[in-house]
Amino acid sequence: DSPDDLSILLRSLEEFCASSSMSVNVKKTKVVIFFQSRAVLPPPLFVFDHKPLEVVREYKYLGCFFDEKLSFSYHVDVAISRAEKASFSLFQRLLQLKNMKKSMKKLRLYQALVLSVLLYNVEVWGPCISKGDLKKLEKFHTSCLRRLLMVGPKFPVAAVYWLLGVLDIESLISQKVFKFLISI
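Residues numbered from 1 in each chain as written. Predicted model: local features only at pLDDT ≥ 70, side-chain atom pairs only at ≥ 80, totals over all residues. Heavy atoms only, no water.

In this section: the overall build of the chain. Across its full length, the chain carries seven helices and five strands. For the chain, the sequential pattern of α-helices and β-strands runs α-β-β-β-β-β-α-α-α-α-α-α. Overall size of the chain, expressed as C-alpha extent along the three principal axes, is 65 × 35 × 35 Å. Buried residues in the chain amount to 33% of all 184 residues. Considering only contacts in the chain between residues 6 or more positions apart, those separated by 24 or more positions represent 64%. Charged side chains in the chain number 27 positive and 17 negative. The centres of these two groups are separated by 17 Å. (Helix = DSSP H or I, 4+ residues; strand = E, 2+ residues; numbered from the N terminus. Buried < 20%, exposed > 50% of the residue type's maximum accessible area, 1.4 Å probe, protein only. Contact = heavy atoms within 4.5 Å. Lys, Arg positive; Asp, Glu negative; His and termini not counted. Charge placed at Lys NZ, Arg CZ, Asp CG, Glu CD.)

Okay, structure coming up:
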């Protein structure tokens with residue numbers, strides 16, 4: 001829980017690696033200090049094999065960005081950015097496929113190509129996101145669904161969900177997290 005505790009663990013890992021003829025790539029090893037509010041003090045120095053380890057504010061692990069406050073705000077921003085790129089490609093392709101008129105086919109493509117990117121690893125970060133981040137995700141989701149239906153921003157959100165038979169983002173996240181938890 002303290003910098004000294006981490007230093008002790010790093011020394012133990014260093015000893016284990018030496019006795020097992022294993023190595024750690026210090027260039028890829030980072031330290032994230034998790035806390036509620038930003039400390040004014042400079043971060044402590046952590047070393048492994050006499051080399052300093054970089055202290056970072058966020059770290060990507062298995063496709064999920066963990067930030068120092070465990071708020072996942074940075075991850076949500078990155079996920080939206082990636083999903084925007086995927087949606088741009090999808091909607092460009094849909095314009096080329098003029099014979100694809102059925103909303104359900106478009107919806108399946110959206111779910112496979114865009115929503116899967118947006119909600120990747122949601123079982124990890126979903127329960128922890130703020131209401132503000134949830135609103136960002138919802139805004140993006142409804143914008144894409146409206147484009148699928150080819151309706152404007154004034155078209156009621158409830159009607160969009162009803163016509164496509166889909167859930168809002170908060171319900172989708174809850175559903176995925178619940179399915180994961182009962183599978184454990």
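Turning our eyes to something else, we now look at the side chain of Thr142. In this fold, Thr142 is placed in helix α5 (residues 131-149). Take Thr142: its relative accessible area is 8%, and that puts it in the buried class. At 3.2 Å, the side chain of Thr142 forms a polar contact with the backbone oxygen of Lys139. Apart from the residues lying within four places of it in its own chain, the contact partners of Thr142 are Val157 and Tyr161. (Polar contact = N/O pair within 3.5 Å; in protein donor to acceptor, adjacent residues only side chain to side chain.)

A word on the pattern of salt bridges. The final tally for this structure, using the stated rule, is six salt bridges. Taking the shortest distance from any N to any O, the salt bridge between Lys51 and Asp49 comes out at 3.5 Å. Among the residues examined, Lys51 registers a relative accessible area of 41% and is labelled partly exposed. Residue class for Asp49 comes out partly exposed when judged on its relative accessible area of 38%. Residue Lys136 is joined to Asp133 by a salt bridge in which the shortest nitrogen-to-oxygen separation is 3.4 Å. In this pair, Lys136 and Asp133 both sit in helix α5, three residues apart, roughly one turn of the helix. Of the residues examined, Asp133 reaches a relative accessible area of 3% and is grouped as buried. Ionic contacts of the salt-bridge type, sharing partners, join the residues Asp77, Asp133 and Lys136 into one network. (Salt bridge = Lys/Arg side-chain N within 4 Å of Asp/Glu carboxyl O.)

Each pair of packed helices can be described by the angle between their axes along with the distance between the axes. Between α5 and helix α7 (residues 169-183), whose axes approach to 9 Å, the crossing angle comes to 110°. Relative to α7, the element α5 lies roughly perpendicular. On the side of α5, the interface is formed by Lys131, Leu134, Leu137, Glu138 and His141, while α7 contributes Ile169, Glu170, Leu172 and Ile173. Across the contact of α5 with α7, the residue classes tally to five nonpolar, one polar and three charged. (Axes fitted to C-alpha atoms, helices over the stretch in contact; angles between N-to-C directions. Parallel < 35°, antiparallel > 145°, perpendicular 65-115°, else oblique. Nonpolar A, V, L, I, M, F, W, Y, C, P; charged D, E, K, R; others polar.)

End to end, helix α2 (residues 73-96) covers 35 Å across 24 residues, agreeing with the expected 34 Å (1.5 Å per residue, within 8%). If you check which residues of α2 are buried, you get His75, Val76, Val78, Ala79, Ile80, Ala83, Ala86, Ser87, Leu90, Phe91 and Leu94. (Expected span 1.5 Å × (residues − 1).)

Attention now goes to the packing of aromatic side chains. Working definition: an aromatic ring pair is given by the centre-to-centre distance plus the angle between the planes. Scanning the model with the defined rule gives two aromatic pairs in all. Centroid distance Phe65 to Tyr74: 5.0 Å. Interplanar angle 85°. Geometry classified as edge-to-face. When its relative accessible area of 36% is taken as the criterion, Tyr74 is described as partly exposed. The ring centre of Phe91 lies 4.0 Å from the NZ or CZ of Arg147, which sits over that ring. (Phe/Tyr/Trp six-rings, centres within 6.5 Å; stacked < 30°, edge-to-face > 60°. Lys NZ or Arg CZ within 6 Å of the ring centre and 35° of its normal.)

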